[in-house]
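# Commentary on secondary and tertiary structure
The chain contents come next:
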Amino acid sequence: MSRTAQLLITIAILAGGVSATMWIKNSNPKPERKAPEVVARLVEARELERETTRPTWPAGGTVNASDEVSLAAQVSARVEWISPEAIPGARLSKGTLLARLESADFDFAVKQKQAALAQVEADLAVEQGQADLAAEEFQLSAAKLSASDRALVMREPQLAAARAAVASAKAAVEQAKLDLARTEIRMPFDGKIMSRKVSPGSQVGSASTLFDLVATDTFWIEVKMPRAFLPWLDNQHAVTLSQQHWAGKTRQARILNVLPDVDSADRQVKVVLALDIH
């Protein structure tokens, strides 16, 4: 076959391929343009209602006992007895007897003061009798005296001194009884004993600490909040407290005060709450 014939065959094949390609392209179905379907969004409609609500602010805080004291003796004596209940960690009621100091000396003091009182009361009775006798004699004499002389005749200064002595003796008896009562060391409030500093036989005085106590009926909680929240703070409304170890339970606390200072780190205000334990 001549080269001319081969060239003609190649051209024919190429022309056939181009024709077939164009036929296939033109014979494919053309997509139709359609408008997008509008799908309505499902919503839930509710009727508007007016209600009153309180703004809330979650915050953490530190807890402290409202009362914490170092209990000291008010008289000097030797510790005679300590209650078996008076141990660190014990929770005791107000008025529970914790310890007793030796009271013999104070018993004697009460008796001595009572004897002294009886003596001055007898002196007052004698003086009153002498004053009554002087009054009768003055009435019988019908003497004219000045007010100062009349007071001397009626023994008014002596009577006043005797009455003052009785009043002083009564006060001494009360003081002696008070010192005797102070030999019994009692819980000043419902609380727990944090530590015990004495044992039976210890000599104690007004500077001696016997027990360290904390109250358990009320606790103070200091929380922080932004200063911008203060205008919405309702001091008359209870605060809800929750804690991880309360198993989902909550307690109600009272707002006591807003402290005048702010936290130096975050400039938040400090609010003191009171939690009453019943």
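See above for the structure.
Worth saying up front: this structure is predicted, and the values here are computed from it rather than measured. (Residues numbered from 1 in each chain as written. Predicted model: local features only at pLDDT ≥ 70, side-chain atom pairs only at ≥ 80, totals over all residues. Heavy atoms only, no water.)

If you walk across this open sheet you meet the four strands as S6-S5-S3-S8, and the pairing is antiparallel. Unpaired on one side and paired on the other, strand S6 (184-186) and strand S8 (203-204) mark the two borders of the sheet. Looking at chain direction, strand S3 (residues 77-82) and S8 are connected through two bridges and run antiparallel. Residue Arg78 lies in a different strand from S8, and its bridge partner there is Gln203. (Pairing = 2+ DSSP bridges. Helix = DSSP H or I, 4+ residues; strand = E, 2+ residues; numbered from the N terminus.)

Judged by nonpolar contacts, the single largest core of 23 residues is most densely connected at Leu98 and Phe211. Those elements that provide at least two residues to this core are S3, strand S5 (97-101) and strand S9 (209-215). With four residues, the top contributor of residues to this core is S9. Non-local contacts of Phe211, meaning those with residues more than four positions away in its chain, are made with Val69, Ser70, Leu71, Ile82, Ala86, Leu98, Ala99, Ile193, Ser195 and Arg196. (Core = buried A, V, L, I, M, F, W, Y, C linked by side-chain atoms within 4.5 Å. Buried < 20%, exposed > 50% of the residue type's maximum accessible area, 1.4 Å probe, protein only. Contact = heavy atoms within 4.5 Å.)

Taken in spatial order, the five strands line up as S1-S10-S13-S12-S11 in an open sheet, and their pairing is antiparallel. Each end of this open sheet is capped by a strand with a single partner; those strands are strand S1 (61-65) and strand S11 (239-242). Across the sheet, the mean angle separating the axes of adjacent strands is 40 degrees when strand polarity is ignored. In this structure, S1 lies alongside strand S10 (residues 218-225), joined through five bridges in antiparallel fashion. By the bridge assignment for S10, Ala65 is matched with Phe219. (Axes fitted to C-alpha atoms, helices over the stretch in contact; angles between N-to-C directions.)

Residue placement: Gln128 occurs in helix H2 (residues 104-141). Along the sequence, Gln128 and Ala162 sit 34 residues apart, while their C-alpha atoms lie 8.8 Å from each other. In contact with Gln128, other than residues within four places in its own chain, are Leu159 and Arg163.

Turning our eyes to something else, we now look at the environment of Thr250. Tracing the backbone through its elements, the reader meets Thr250 in strand S12 (residues 250-262). Sequence-wise, Thr250 and Thr240 are ten residues apart; in three dimensions their C-alpha atoms are separated by 6.5 Å. Other than its neighbours up to four places away in sequence, Thr250 contacts Thr240, Leu241 and Ser242.

This brings us to the layout of surface pockets. Counted as a void, the largest pocket has a volume near 830 Å³. Together, 32 residues line the largest pocket, and Trp57, Val239, Thr240, Leu241 and Leu273 are the ones closest to its centre. At the level of secondary structure, the elements contributing two or more residues to the lining of the largest pocket comprise S1, S10, S11, S12 and strand S13 (269-276). Taken together, the residues of the lining of the largest pocket sort by class into 21 nonpolar, eight polar and three charged. (1 Å grid on protein atoms, 1.4 Å probe; cavity = no way out; pocket = protein on both sides within 12 Å on 5 of 7 lines; lining within 4 Å. Points joined across faces, edges and corners; volume = space filled by probe spheres on them. Nonpolar A, V, L, I, M, F, W, Y, C, P; charged D, E, K, R; others polar.)

For the rest of this paragraph, the subject is the pattern of salt bridges. A complete count under the given rule lists five salt bridges for this structure. Between Asp212 and Lys197 there is a salt bridge, with the nearest N and O atoms lying 3.0 Å from each other. You can see Asp212 sitting in strand S9 and its partner Lys197 sitting in the loop between strand S7 (191-196) and S8, a full 15 residues away along the chain. One salt bridge in this structure joins Arg254 and Asp276, with 3.0 Å as the shortest N-O distance. Remark: Asp276 occurs in strand S13 and Arg254 occurs in strand S12; sequence separation between them is 22 residues. We classify Asp276 as partly exposed; its relative accessible area is 25%. (Salt bridge = Lys/Arg side-chain N within 4 Å of Asp/Glu carboxyl O.)

Two strands pair when backbone bridges link them, and S11 and S12 are joined in this way by four bridges, in the antiparallel orientation. Within S12, the position partnered with Thr240 by the bridge is Gln252. As paired elements, S12 and S13 share five bridges and run antiparallel to each other. Across the sheet, Val258 pairs through a bridge with Val271, a residue of S13. Counted along the chain from S12 to the antiparallel partner S13, the turn is six residues long, and its residue Arg267 has a positive phi close to 60 degrees.

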